[in-house]
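# Coordinate inspection notes
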Amino acid sequence: MKRILVTGGAGFIGSHLCERLLNEGNDLICLDNFFTGSKDNIRHLLGNDHFELIRHDVTKEFFAEVDQIYNLACPASPPHYQYNAIKTIKTSVLGVLHMLGLAKRCGATILQASTSEIYGDPQVHPQKEDYWGNVNPIGIRSCYDEGKRCAETLMMDYHRQNHVDTRIVRIFNTYGPNMAVNDGRVVSNFIIQALQNKDITIYGDGSQTRSFCYVSDLVDGLVKMMNNNKGFVGPVNLGNPSERSILDFAKYIIELTNSNSKIVFKELPSDDPVKRKPDISLAKSKLDWEPRVDIKDGLLKTIEYFSTKLGELK
Ligand code: NAD
Ligand code: UDP
């Protein structure tokens, strides 16, 4: 049994990770300030003696004795991370500094949830880990992108300077149950709009691409990266390389939900990446990891989750 801290544990990915780690017999601290996370996501874990929920903000120091830290605390959806941009960059930078300090003191292994956003609007396609990216440092996405880039820098500096056992994963667009109804990202927006027969809002002309990974595959990659004992610190891309345009994705959601929704086109927000697709050959060779869940199966589970959620809200 390991003592594990998951920051952002009440969020979308964090809640799945907490469940998986508890099922494997670990002792867990789930830390969250509930900005975008919810107790609903982890309510079923609250009765477990090996699960401890703490309301805490990672921009403040935190003390505990742990063996592993998964640092996931940070809003991930553009409308949420842009809501208070200064707080977002503080969450990434101060959050990882506090967690690295904790890891150093305890001798814990720390995994940082980085993002495909560190590649910005990529000029190399698909994206490999050795690509340094094309990020606007002063745009509306910068609080998130640059915060995560700085977090990667701090991880590598603590590794080189203080010999902290660090792991960096670059997560590409991930979806599944436990996304918030008001999340604002494309998967939840389109599914909710389709289920309610409301207009599907495509930003821009829908020619931009994304590659969607189901959450159980992603969590599997996080756990493999944390526990690899080959001294592989990353960064490593985790995502599903099956790329599609946002217009095709909207049509597919309409088909899967049998919806009467119409597609409408809205203004494209600035700095929205034109295309994104992970090269996952490093994860395959170093971690023996690749996604297994077919997009149709993953989306049907997600649609079922949102229809239950919308029913509860009625
Ligand atoms: P989410 O918004 O559902 O979860 C983030 C969690 O962090 C929430 O529970 C939120 O309340 C908590 N949080 C935010 N600020 C905090 C703070 N200052 N102190 C404590 N808790 C705080 O998002 P998610 O999709 O689950 O993303 C989890 C992590 O994975 C994030 O770090 C995100 O950047 C990264 N990531 C996610 C994706 C994706 O597609 N889902 C892609 C790339 C990277
Ligand atoms: N998008 C869209 N309609 C929506 C929400 C998002 O067309 O209602 C687009 C968005 O502009 C982007 C893509 O879908 O091009 C993915 O957006 P998301 O916010 O999910 O994640 P991103 O990959 O941009 O961080």
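Residues numbered from 1 in each chain as written. Chains lettered and ligands numbered in written order. Predicted model: local features only at pLDDT ≥ 70, side-chain atom pairs only at ≥ 80, totals over all residues. Heavy atoms only, no water.

Another point: the overall build of the chain. Within the chain one finds nine helices and 13 strands. Computed over the C-alpha atoms, the radius of gyration of the chain is 19 Å, within 12% of the 20 Å expected from 2.2 N^0.38 for a compact globule of 314 residues. In the chain, which comprises 314 residues, the share counted as buried stands at 55%. Excluding contacts between residues fewer than 6 apart, the proportion of contacts in the chain whose partners are at least 24 apart in sequence is 81%. Carbon and sulfur atoms form 49% of the exposed surface of the chain, whose accessible area is close to 13,900 Å². Of the charged side chains in the chain, 37 are positive and 38 negative; the average position of the first set lies 1 Å away from that of the second. (Helix = DSSP H or I, 4+ residues; strand = E, 2+ residues; numbered from the N terminus. Rg over C-alpha atoms; globule rule 2.2 N^0.38 Å. Buried < 20%, exposed > 50% of the residue type's maximum accessible area, 1.4 Å probe, protein only. Contact = heavy atoms within 4.5 Å. Areas by Shrake-Rupley, 256 points an atom, 1.4 Å probe, with all protein chains shown as cover. Lys, Arg positive; Asp, Glu negative; His and termini not counted. Charge placed at Lys NZ, Arg CZ, Asp CG, Glu CD.)

A few words on the packing of aromatic side chains. The description of an aromatic ring pair rests on the distance of the ring centres and on the angle between the ring planes. Per the counting criterion, the structure on display carries eight aromatic pairs. With 6.0 Å between their ring centres and 15° between their planes, Tyr119 and Tyr131 make a pair best called stacked. Note that Tyr119 is positioned in the loop between β5 (109–115) and α4 (142–162) and Tyr131 in the loop between β5 and α4, a separation of twelve residues in sequence. The ring of Phe34 is capped by Lys39, whose NZ or CZ atom sits 5.6 Å from the centre of that ring. (Phe/Tyr/Trp six-rings, centres within 6.5 Å; stacked < 30°, edge-to-face > 60°. Lys NZ or Arg CZ within 6 Å of the ring centre and 35° of its normal.)

Taken together, 17 residues sit near ligand 2, with Thr201, Tyr203, Arg210, Asp272 and Arg276 positioned nearest. Within the side chain of Arg141, a nitrogen or oxygen atom sits 2.9 Å from an oxygen atom of ligand 2. Asn173 places a side-chain nitrogen or oxygen 2.9 Å from an oxygen atom of ligand 2. Its free accessible area being 520 Å², ligand 2 has 95% of it covered by the protein chains. Counting residues per element, the ones that place at least two in the shell around ligand 2 are α5 (186–195) and β8 (200–203). Residues that form the shell around ligand 2 fall into these classes: six nonpolar, five polar and six charged. (Near = heavy atom within 4 Å. Polar contact = N/O pair within 3.5 Å; in protein donor to acceptor, adjacent residues only side chain to side chain. Nonpolar A, V, L, I, M, F, W, Y, C, P; charged D, E, K, R; others polar.)

Taken together, 30 residues sit near ligand 1, with Asp32, Thr36, Tyr144, Lys148 and Thr174 positioned nearest. Asp32 is positioned such that a nitrogen or oxygen atom in its side chain is 2.5 Å from an oxygen atom of ligand 1. In this structure, an oxygen atom belonging to ligand 1 sits 3.0 Å away from a main-chain N or O atom of Phe35. Coverage of ligand 1 by the protein amounts to 97% of the 820 Å² it exposes when considered alone. Breaking the shell around ligand 1 down by element, the ones donating at least two residues are α1 (12–23), β5 and α4. For the shell around ligand 1, the class distribution of residues is 15 nonpolar, eleven polar and four charged.

Attention shifts here to the environment of Ile29. Among the secondary structure elements, Ile29 is positioned in strand β2 (residues 27–32). With relative accessibility at 12%, the residue Ile29 sits in the buried group. The contact partners of Ile29, leaving out residues within four places of it in the chain, are Ile4, Leu5, Val6, Glu52, Ile54, Phe62, Ala64 and Val66.

Turning our eyes to something else, we now look at the side chain of Thr88. Mapped onto the fold, Thr88 is located in helix α3 (residues 85–106). Judged by relative accessible area, which is 2%, Thr88 ranks as buried. With residues up to four places along the chain from it excluded, the contact list for Thr88 reads Cys74, Pro75, Tyr81, Cys143 and Tyr144.

Now for the sheet that holds strand β6 (residues 165–171). Taken in spatial order, the seven strands line up as β3-β2-β1-β4-β5-β6-β11 in an open sheet, and their pairing is parallel. With partners counted over all chains shown, the strands left at the sheet margins are β3 (51–55) and β11 (236–238), one partner each. Averaged over all pairs of adjacent strands, the angle between their axes in this sheet comes to 20°, without regard to strand direction. In the sheet, β6 pairs with β11 via three bridges, with the strands oriented parallel. Paired with Ile171 across the two strands is Leu238, which belongs to β11. (Pairing = 2+ DSSP bridges. Axes fitted to C-alpha atoms, helices over the stretch in contact; angles between N-to-C directions.)

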